[in-house]
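Observations on chain architecture
Spelled out from the first residue to the last, the chains are:
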Number of protein chains: 4
Amino acid sequence: MAGNTFGNLFKLSTFGESHGAAIGGVLDGCPPGIEIDLEEIQNELNRRKPGQSAIVTQRKEPDTVEFYSGIFEGKTTGTPIGFAIHNTNQKSGDYSHIKDSYRPSHADYVYDKKYGFRDYRGGGRSSARETASRVVAGAIAKQFLSSMKINAFVSQVGGLKLEKNYQELDFSLIESNPVRCPDTEMAAKMEDYIKDVRKEGDTIGGVITCVIQNVPIGLGEPVFDKLHAELGKAMLSINAVKGFEYGSGFEGVMMKGSEHNDAFNPDGTTKTNFSGGIQGGISNGMDIYFNVAFKPVATVIQPYQTIDKEGNTVTTKGKGRHDPCVVPRAVPIVEAMTALVLADYFLLAKAINS
Amino acid sequence: MAGNTFGNLFKLSTFGESHGAAIGGVLDGCPPGIEIDLEEIQNELNRRKPGQSAIVTQRKEPDTVEFYSGIFEGKTTGTPIGFAIHNTNQKSGDYSHIKDSYRPSHADYVYDKKYGFRDYRGGGRSSARETASRVVAGAIAKQFLSSMKINAFVSQVGGLKLEKNYQELDFSLIESNPVRCPDTEMAAKMEDYIKDVRKEGDTIGGVITCVIQNVPIGLGEPVFDKLHAELGKAMLSINAVKGFEYGSGFEGVMMKGSEHNDAFNPDGTTKTNFSGGIQGGISNGMDIYFNVAFKPVATVIQPYQTIDKEGNTVTTKGKGRHDPCVVPRAVPIVEAMTALVLADYFLLAKAINS
Amino acid sequence: MAGNTFGNLFKLSTFGESHGAAIGGVLDGCPPGIEIDLEEIQNELNRRKPGQSAIVTQRKEPDTVEFYSGIFEGKTTGTPIGFAIHNTNQKSGDYSHIKDSYRPSHADYVYDKKYGFRDYRGGGRSSARETASRVVAGAIAKQFLSSMKINAFVSQVGGLKLEKNYQELDFSLIESNPVRCPDTEMAAKMEDYIKDVRKEGDTIGGVITCVIQNVPIGLGEPVFDKLHAELGKAMLSINAVKGFEYGSGFEGVMMKGSEHNDAFNPDGTTKTNFSGGIQGGISNGMDIYFNVAFKPVATVIQPYQTIDKEGNTVTTKGKGRHDPCVVPRAVPIVEAMTALVLADYFLLAKAINS
Amino acid sequence: MAGNTFGNLFKLSTFGESHGAAIGGVLDGCPPGIEIDLEEIQNELNRRKPGQSAIVTQRKEPDTVEFYSGIFEGKTTGTPIGFAIHNTNQKSGDYSHIKDSYRPSHADYVYDKKYGFRDYRGGGRSSARETASRVVAGAIAKQFLSSMKINAFVSQVGGLKLEKNYQELDFSLIESNPVRCPDTEMAAKMEDYIKDVRKEGDTIGGVITCVIQNVPIGLGEPVFDKLHAELGKAMLSINAVKGFEYGSGFEGVMMKGSEHNDAFNPDGTTKTNFSGGIQGGISNGMDIYFNVAFKPVATVIQPYQTIDKEGNTVTTKGKGRHDPCVVPRAVPIVEAMTALVLADYFLLAKAINS
């Protein structure tokens, strides 16, 4: 309820502040007997990790995950998987610039109002560092759901938008460039643009597109827990996300029903897929695809005015090493949350479907 | 879990198929002592009801709600509120055109695959008729949250988009026209356009904007259950919704951090509100606003080809009375779901906030 | 959360006060395609119903259930089953004796303190009338779990205790007498005793034993949601229940480990069954058996002193038609709650077990 | 759902096997600003710890808890509290005697059947070692609920039963003897008896009584989530528990209503307290008291016959250091689970009560 648990049957509970001793979680409900490739989990963490390229924050965090339970002789046991990532970068630093003043468009102000108190060393619980725990659990979910293929990639940075349909793209190129855009030419433009933004000490937003292939028919529940509703919630729970659309999305608004309807082939597949692989909240076996909009990161390396706890105006400046654009590092997070949603519905379908 | 319950503390469970004996629900967790205006609840239902104007479906359904429990001497008792809306329009009709064949972009196909079986008289549980129960519960939530102001309105129909900022609009005009657009000129254009679409036997999509004013600071939870994540899920659970964005939304992608950050005033309010009233998943006291994209309704009154259960191609035709554009009737549904989300978080804040 | 929902996957939400328009519920998560015998559901309700024999309350309540959804052409559809039992016995009676004063050992006082307000016409939500909704849902659960055999019976009334082991009893005799004790001789004694108690205007407690046979191995979860923990909660949620024990129970305290351990047969069954069919919270395939203790009903037909809302001492008297002993009518309720627990764990095992 | 989470608002999720790297958990929903005495938490763990006296297992486990998050500058922050207890006693021992055979009345057999696979090094997840995580979270709950007084003690070991009413006892004596019985004379008898049982290599059961004082009126929910139902579930979820009764319990069965009813004093307290401080599932402000029955531990140090995975009969023998009677060490676990239940209902009451 307090919002640190995701999922019902395949259920992740996380803990940890950006500057505390460790972050981590408990993944409960993972079925027994799943072979776990620990290296692959660490690979996913490395995709999210700071310092991996010139266009992300240069902070150094090894982000090594330790597992405490639930995996035995290389396989899940069906019992909860406890894990932690120790923070090695805890500097007893100078936080005076954020302890008593509120950074604009961060959560500092609302935390103080809600909790009367906050861990002022960095973003605390609202830091994107928390998403590392999601990536660990999502990597396990991916291994559980190995027959489904989940590919996320960057499709827009600022005004630079990849106009291609996902079917025209080669997903094997996603990891070939630091932007994680599977179009080499566009990726180069985006990379240059992000470097320019960084030089200005500024930040820029972006869009991640995610495609799920080989989805079994029948995942999702008809009313409140429609598959796309839960996917939407999962994406909107990621830091900096401002919008979600699936299938025809906001563009679909301008279409007529006669165009938008997806005619059936005799085998139950459809000729078009404006539905985005989901009808009535339930997967129909076609590819699921959706877009996730990310705002520009709030931390800019420019002087700005803000207020302190007493409401006095103060002038301050973001410090150090920030992400000029969050989407390259957010790609594995989008995939992780997608995998967590699918794993939960997959188990539910086992229980309920005919 | 099976997806017919919404909310945790202020919790609605619904039942009912479009052509069964009744639809209804149980609203649990409504605090005791709230004065309930039953007429106001019926008013909300009437806003959603078929047949209310020339641009919506002409089906006649009185949609009269009966309360069975939880309200005594005009006030809630703190016990569950059971209610039902009896279906008076149950024709023992001819359903042969949909019993054995699948309407494109409806849920018929996936229901048969998921459940092995379906109530083929209309859309069953996937019918938008189900949303009447949400409107009843939402109307109670609104009365519980009477200090907050929730206004939804139509801001786009097909390519006709209201380009005004919500601050320039007069919400008292929303109910002055059948489209529910608070700009008289644009409303007239939209109405004409919807009539044209209807004549073609076709349908068109639209966008609803929702604005919440007088929100207390501190609603929402920091990680998975961010306030906008739950609002997004609530909206995406409404039939025909394809997208959700809040605050700067998809447009915000193209902004730089230095522009997008909302500078503080000394009193903690912000000079701009790209954040959409929510920071780090928690309300900051500014107006919350979001957009919801609806696809064109799948039922068109034109002949079309589809498949039957055996995969044979059949030619059929939508019948009768349909909604050429769903957004005018969806306005109270958007408001109802918004109220349910807020009521749930309001109770949670009472339990947890400092 | 507010306590009117039971179960996670096979989930019942109920509503209704003793003297309101109707009681009922929504049963969500019942798998599709289960054949439903409506007459059998009504039979179960009739076993719980007032007025069925000389030793229960003589109130007349037809308790006829109406189904609104989720059952089509004699089978469940997988969608929620909405149902109601209309109250036909709503007298606009004289409630002044309970409106402003508190009956001892009833919930009147705590309801007023908790909710600031209560429906004073009878017990409201704390009335055992609420359990009729449980019996309806439980009857559906029984049909879903038809391979398991659930038999509850009265094993003690006041000091009259059936000393036989359940294996020595013939369950087909349970319904042969109004006490629901499958030992004809003891049943006669109990019946006489209850009649004596009634003549005094008094009430007496009792014990119900429940036996579940043909339980599949592997139901239950290892830590907090042990199968017997959830059975215990289910039983303790029934009005007037004061205790629960399973397997060796409170007697087992006095045994040594060497006696209490259930030695295995080569086929995995055990030679003894002090474990009560559950080990480590998980069913082992042996019979599950447990006892449920019921206190004497609080409503006695004798004058008594109590207090009113202002704390003044008042003298009053229970009225009318009460149950001298609750256990005969509680037998179907114990079975219903047992079936609901088993159905929930059965679905969970489908999702999670290897 | 998979059973490793307890509570809704004040919510504990645990992980860890007896012989894995660590056990621990995530406590979510603890309100912000609570001062935490870490030493007091460790004290509670020490009460549960092996090796503390001559009548418990002589295993050496330091059981030192590390906190990772959620506590800052000595106070809770409102964010999840992650913690772990590293296992220092992991011997790469010889488990061949339990790897392929099933210990009677342990969970080995059902785990293999349910999960197809188990961590055979000790009891895995079914080991009572898991309860250390409960004690940590319960110790925090106690500090949150500091105005309520929770005292558990041993009231029976085998046939040795403390016949005194709890009001006649001095709770300050509980920790004065290794049995944790607040009657010095009876404690000595129990201690001698446990030593005798241990010499035989056998084990014996017992009863723990728990008393909660200073409970506010209005905790608990009326129907399925009655306060005593959740307390019952909490107790039955502890390893080796076979029964639960509160207030008059199983003895109350033999009382008449006229005796059992608790007459009111003018201030709303009652002259007797057969209700055990709970009426209609809701606390009435009187002391809550209940008994919990524990079976004899299954591990006996005597040769016994059992079966292996193939169903062959094998002769084996329990090894090493076991608990001859579990109740002395279970006292802090009963208190911890009690505190967790109360904390959850306390928060719920803040949200819902008038």
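Computed from a predicted structure; not experimentally measured.

**Observations concerning the overall build of chain A**
A tally of helices and strands in chain A yields 8 helices and 17 strands. Taking 2.2 N^0.38 as the reference for a compact globule, 354 residues should give roughly 20 Å; the C-alpha atoms of chain A span a radius of gyration of 21 Å, in line with that estimate. Dimensions of chain A along its principal axes, counting C-alpha atoms only, are 65 × 50 × 40 Å. Considering only contacts within chain A whose residues lie at least 6 apart along the sequence, 69% involve residues at least 24 apart.

**Here's the deal with helix H6 (residues 227-236) of chain B**
Most of H6(B) sits inside the fold, with 10 of its 10 residues counted as buried. What H6(B) keeps buried is the set B:Leu227, B:His228, B:Ala229, B:Glu230, B:Leu231, B:Gly232, B:Lys233, B:Ala234, B:Met235 and B:Leu236.

**Digging into the interface of chain A and chain B**
Counting residues at the interface gives 95 residues for chain A and 95 residues for chain B. By residue class, the composition of the side of chain A that touches chain B is 39 nonpolar, 40 polar and 16 charged. Note that strand E12 (residues 241-246) of chain A and strand E11 (residues 241-246) of chain B share 3 bridges and pair antiparallel. Residue pairing for E11(B): A:Phe244 is matched across the bridge by B:Phe244.

**Focus on the relation of the copies chain A and chain B**
Structural alignment of chain A on chain B gives an RMSD of 0.0 Å, achieved by rotating through 180° and translating 0.0 Å along the axis. On the angle and the small slide along the axis, the relation comes out as a two-fold axis.

**Topic: the interface of chain D and chain A**
Between chain D and chain A, the residue contacts involve 40 residues of the former and 41 residues of the latter. The set of elements that each furnish at least two residues to the side of chain D that touches chain A consists of strand E2 (11-15), strand E3 (22-28) and strand E7 (81-86) of chain D. Grouping the amino acids of the side of chain D that touches chain A by side-chain chemistry returns 15 nonpolar, 18 polar and 7 charged.

**Here we look at the UniProt feature "binding site: FMN" (unreviewed entry) in chain A**
Residues and elements named next belong to chain A. Residues annotated by UniProt as "binding site: FMN" (unreviewed entry) correspond here to Arg125, Ser126, Ser127, Asn239, Ala240, Gly280, Lys295, Pro296, Val297, Ala298, Thr299 and Arg321. Judged by maximum C-alpha separation, these annotated positions cover 197 residues in sequence and are scattered in space, the widest gap reaching 44.8 Å. Tracing the backbone through its elements, the reader meets Ala240 in the loop between helix H6 (227-236) and E12. Those residues in contact with Ala240 that lie beyond four places of it in its chain are Phe294, Lys295, Val297 and Val326.

**Considerations on the UniProt feature "binding site: NADP(+)" (unreviewed entry) in chain A**
Residue and element names in this part refer to chain A. Sequence positions flagged by UniProt for "binding site: NADP(+)" (unreviewed entry) are, in local numbering, Arg48. On the secondary structure map, Arg48 appears in helix H1 (residues 38-48). Classification of Arg48 by C-beta neighbours within 10 Å gives buried; the count is 25. Excluding its chain neighbours within four sequence positions, the residues that come into contact with Arg48 are Thr131, Ala132, Val135, Arg329, Pro332 and Ile333.

**Comments concerning the pairing of E11(B)**
Residues and elements named next belong to chain B. Among the 6 residues that make up E11, 6 are buried, leaving the element largely enclosed by the rest of the structure. Sheet topology places E11 next to strand E14 (residues 288-294); 5 bridges connect them, and they run antiparallel. Each bridged residue has a counterpart across the sheet, and for Glu245 the counterpart in E14 is Asn291.

**Things to note about the environment of D:Ser155**
Residues and elements named next belong to chain D. Note on placement: Ser155 falls in strand E8 (residues 149-157). A tally of 26 C-beta atoms within 10 Å means that Ser155 is categorised as buried. Excluding anything up to four places from it in sequence, Ser155 contacts Lys161, Leu162, Val207, Ile208, Thr209 and Asn291.

**Remarks on the relation of the copies chain D and chain A**
Under the fitted operation, chain D is carried onto chain A by 0.0 Å of movement along the axis and a turn of 180°, and the coordinates agree to an RMSD of 0.0 Å. Interface overlap between copies is the fraction of interface residues in one copy that are interface residues in the other; for chain D against chain A it reaches 100%, indicating a shared surface.

**Topic: the environment of C:Val314**
Residues and elements named next belong to chain C. Mapped onto the elements, Val314 comes out in strand E16 (residues 313-317). The class for Val314 is partly exposed, based on 15 C-beta atoms found within 10 Å. The sequence separation of Val314 and Ser101 amounts to 213 residues, and the corresponding C-alpha distance is 7.8 Å. In contact with Val314, not counting residues within four places along its chain, are Ser101, Thr306, Ile307 and Asp308.

**Some remarks on the sheet that holds E8(D)**
Ordered by their spatial adjacency, 10 strands build an open sheet running E9(C)-E8(C)-E10(C)-E14(C)-E11(C)-E11(D)-E14(D)-E10(D)-E8(D)-E9(D), and the pairing between neighbours is antiparallel. With partners counted over all chains shown, the strands left at the sheet margins are strand E9 (160-161) of chain C together with strand E9 (160-161) of chain D, one partner each.

**Looking at the confidence of the model for chain A**
When pLDDT is averaged along chain A, the result is 93, and 97% of the positions lie at 70 or above. Model confidence for the complex: the whole-complex pTM is 0.97, and ipTM, which rates the interface, is 0.97.

**Observations regarding unusual backbone geometry**
Look at A:Asn214: it is not a glycine, yet its phi comes out positive at around 65°. You can see A:Asn214 is positioned in the loop between strand E11 (206-213) and H6.

**Quick notes on the sheet that holds strand E3 (residues 22-28) of chain C**
All names here are of chain C. Within the open sheet, the 5 strands sit side by side as E1-E2-E3-E7-E4. Their pairing is antiparallel. In this open sheet, the two strands that pair with only one neighbour each are strand E1 (5-6) and strand E4 (65-67). Where E3 meets strand E7 (residues 81-86), 6 bridges bridge the pair, whose relative direction is antiparallel. Residue pairing in the sheet places Gly25 in a bridge with Phe83 of E7. Set on the sheet, helix H4 (residues 131-144) makes contact with strand E2 (11-15), E3, E4 and E7; between it and E3 the angle comes to about 30°.

**Details of the packing of helix H8 (residues 327-352) of chain B against helix H8 (residues 327-352) of chain D**
For the pair H8(B) and H8(D), interaxial distance at closest approach is 7 Å and the crossing angle is 125°. If you check the angle between H8(B) and H8(D), you find them oblique. For the element pair H8(B) and H8(D), the recorded crossing hand is right-handed. Between H8(B) and H8(D), the residues in contact are B:Leu347, B:Leu348, B:Lys350, B:Ala351 and B:Ile352 and D:Leu347, D:Leu348, D:Lys350, D:Ala351 and D:Ile352, respectively.

**Points about the pairing of strand E8 (residues 149-157) of chain B**
Where a strand is regular, its side chains alternate between the two sheet faces. All names here are of chain B. Among the 9 residues of E8, 8 are classified as buried, and the element is accordingly described as predominantly covered. One ladder, built from 8 bridges, connects E8 with strand E10 (residues 206-213); its direction is antiparallel. Counted as the bridge partner of Phe153 is Thr209 from E10. Across 2 bridges, E8 lies against strand E9 (residues 160-161) in antiparallel orientation. Note that in E9 the partner of Gln156 across the bridge is Lys161. Counting the residues between successive antiparallel strands, the hairpin from E8 to E9 contains 2 residues, one of them, Gly158, with a positive phi of roughly 55°.

**A few points about helix H1 (residues 38-48) of chain C**
All names here are of chain C. When H1 is considered as a whole, its buried residues turn out to be Ile41, Glu44, Leu45, Arg47 and Arg48. Projected down its long axis, H1 shows its buried positions confined to an angular sector of 155°, all on one face. Exposed residues on H1 whose side chains face more than 90 degrees from its buried face are Glu39 and Asn43. Check the buried side of H1 and you find it contacts E4, H4 and helix H8 (327-352).

**Remarks on the packing of H6(A) against H6(B)**
Remark: H6(A) packs on H6(B), axes separated minimally by 8 Å, with the N-to-C direction vectors making an angle of 160°. Relative to H6(B), the element H6(A) lies roughly antiparallel. Considering only the axes of H6(A) and H6(B), their crossing is right-handed. In this structure, H6(A) contributes A:His228, A:Ala229, A:Glu230, A:Gly232, A:Lys233 and A:Leu236 to the contact, and H6(B) contributes B:His228, B:Ala229, B:Glu230, B:Gly232, B:Lys233 and B:Leu236. Of the residues belonging to the contact of H6(A) with H6(B), the class tally is 4 nonpolar, 4 polar and 4 charged.

**Examining the nonpolar core**
Ranked by size, the top nonpolar core spans 447 residues in total, and within it A:Ile208, A:Leu340, B:Leu340, C:Leu340 and D:Leu340 carry the most contacts. If we skip the residues at most four places from it in the chain, C:Leu340 touches C:Phe6, C:Gly7, C:Phe10, C:Leu12, C:Ala137, C:Gly138, C:Ala141 and C:Ala234.

Reading guide: rules and limits
- Residues numbered from 1 in each chain as written.
- Chains lettered and ligands numbered in written order.
- Predicted model: local features only at pLDDT ≥ 70, side-chain atom pairs only at ≥ 80, totals over all residues.
- Helix = DSSP H or I, 4+ residues; strand = E, 2+ residues; numbered from the N terminus.
- Rg over C-alpha atoms; globule rule 2.2 N^0.38 Å.
- Contact = placed C-beta atoms within 7 Å.
- Buried ≥ 20, exposed ≤ 12 C-beta atoms within 10 Å, placed from the backbone.
- Nonpolar A, V, L, I, M, F, W, Y, C, P; charged D, E, K, R; others polar.
- Pairing = 2+ DSSP bridges.
- Least-squares fit on C-alpha atoms with pLDDT ≥ 70 in both.
- UniProt positions renumbered as here; feature names shortened; annotations may be inferred.
- pLDDT = per-residue confidence, 0-100.
- Axes fitted to C-alpha atoms, helices over the stretch in contact; angles between N-to-C directions.
- Parallel < 35°, antiparallel > 145°, perpendicular 65-115°, else oblique.
- Left-handed = near helix turned anticlockwise from the far one by under 90°.
- Arc of directions from axis to C-beta.
- Core = buried A, V, L, I, M, F, W, Y, C linked by C-beta atoms within 7 Å.

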